[in-house]
Amino acid sequence: MRKVLLATTALVALGGVSAASADVSLSASASWAYDSWSDDTAAATASGLTTNNTSATMDSDFTISGSTTADSGMSFGGSIHVDDGVDDDARMHISDDWGQISFGEHNDAAKSSSAGQSAFDAALSGSSSISSTTTPALTTGLGTATVVGSEAKGQVMYTSPTVNGLTVRVSQADAGAASKADSTAMGVTYAIDVDGVGITAHYATYDVSSSGDVATGTGSYETDQDGFGVKIVYGDFTVRAASMDQDVKQGGSTIGTAGYEASTSDYGITYAMSDTVTLEAVAMSSELSTGSTNGGDSYEATQVGVKYVPATGMYVSLTNRSYEMKDLSAGTTNDGANTRLKVGVTF
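Small disclaimer: the values here were computed from a predicted structure and weren't measured. (Residues numbered from 1 in each chain as written. Predicted model: local features only at pLDDT ≥ 70, side-chain atom pairs only at ≥ 80, totals over all residues. Heavy atoms only, no water.)

A.B. asks: Summarise unusual backbone geometry; cite the residues concerned and give the values.
C.D. replies: Comment: phi is negative for the bulk of residues other than glycine, and the bulk of peptide bonds are trans. With a phi close to 50°, Asn164 is a non-glycine residue in the positive phi region. Note that Asn164 resides in the loop between strand 6 (151-159) and strand 7 (166-173). For Asn164, a relative accessible area of 72% puts it in the exposed group. In this model, Asp195 sits at a positive phi of 50°, which is unusual for a non-glycine residue. Assignment of secondary structure puts Asp195 in the loop between strand 8 (183-194) and strand 9 (197-213). (Helix = DSSP H or I, 4+ residues; strand = E, 2+ residues; numbered from the N terminus. Buried < 20%, exposed > 50% of the residue type's maximum accessible area, 1.4 Å probe, protein only.)

A.B. asks: Describe the pattern of salt bridges, with residues and values.
C.D. replies: For the structure on display, the rule yields two salt bridges. A salt bridge links Asp35 to Arg340; its shortest N-O distance comes to 2.9 Å. Residue Asp35 is located in strand 1 (residues 22-39), and its partner Arg340 is located in strand 16 (residues 332-346); the two are separated by 305 residues in the primary sequence. Accessibility assignment for this pair places Asp35 and Arg340 in one class, buried. (Salt bridge = Lys/Arg side-chain N within 4 Å of Asp/Glu carboxyl O.)

A.B. asks: Tell me what's going on with the packing of aromatic side chains, and back it up with residues and numbers.
C.D. replies: Per the stated rule, a full pass over the model turns up three aromatic pairs. Taking 6.3 Å as the distance between ring centres and 75° as the angle between the ring planes, the aromatic pair formed by Phe62 and Phe347 counts as edge-to-face. In this pair, Phe62 sits in strand 2 (residues 54-69) while Phe347 sits in the segment after strand 16, placing the two residues 285 residues apart along the sequence. Note on Phe62: relative accessible area 37%, which makes it partly exposed. The exposure class of Phe347 is exposed, given its relative accessible area of 56%. With a centroid separation of 4.6 Å and an interplanar angle of 20°, the aromatic rings of Phe237 and Tyr271 are classed as stacked. Of this pair, Phe237 sits in strand 11 (residues 237-250) while Tyr271 sits in strand 12 (residues 260-272), and the two are 34 residues apart along the sequence. Between Lys307 and the ring centre of Tyr315, over which it is positioned, the NZ or CZ distance is 4.9 Å. (Phe/Tyr/Trp six-rings, centres within 6.5 Å; stacked < 30°, edge-to-face > 60°. Lys NZ or Arg CZ within 6 Å of the ring centre and 35° of its normal.)

So, in structure tokens, the structure goes:
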């Protein structure tokens, strides 16, 4: 009995040491959004027979993360992100003086460098878009933000140490057994403070190339994205400006029946009036080149908004977005506006 008691005590003590050496945290957020829009389609179907120009959506996110540091100074850990009850992002990482290597499903090197730099990606209501019920709908290829890259499973990414404000990321993602569309990405960010003005610049590139891919059903398929931008923070003001070019080819060097070339740019400014109130104004434009499928189609949007934080961990935002989608080939234009009320909490 005494031996069993000693053994049990030793296991409990060992477990206590392990738990103490690991840093485990749980974070969560939830938001509710109500949208109301009016555009040419909604006006044409005011009887409500085909469309509804209001919607309400709910989103919840939970993240469990843990890390520990070895006696050598090397740290390692992992995290899992659950979005609306679905495993959306699972990863692990190893870090040391040489930088960090991460594995699993997460933003690639390009998106890790460009996300948050885009004015519309950082906007109070998220990236710009129009309702899928509108006519004409947003043409494939037209951008709604200037974020480069994607999030993918089967990914390996290296992040360098930050040296004199410079950080470099490179990544490779395997598309899996059902597709040859593997991707590579690279991102560079440079951050500097000049007399109290914080400046962050980024460049990112993303490439997907496959040959004889069953998943795409084409003999050749290639996607290239390149983007750059800058964010300037001075006092209570934050200014963002970014640009992204995307080139999709099918059938070798030609654009093909479903290929396109698109250029997207956005810019914006936010002003923190106080600890509880923030104002924003953002704008963007995207256009398909004349040689593209649906060449000449374009999309423009502007947005103003206000965010109120009544308590730490809670916010209420109200935004109004005006947009115009032009379908050159069909000779039609869709003008509209969207108002969004959003309530969010973090805990």
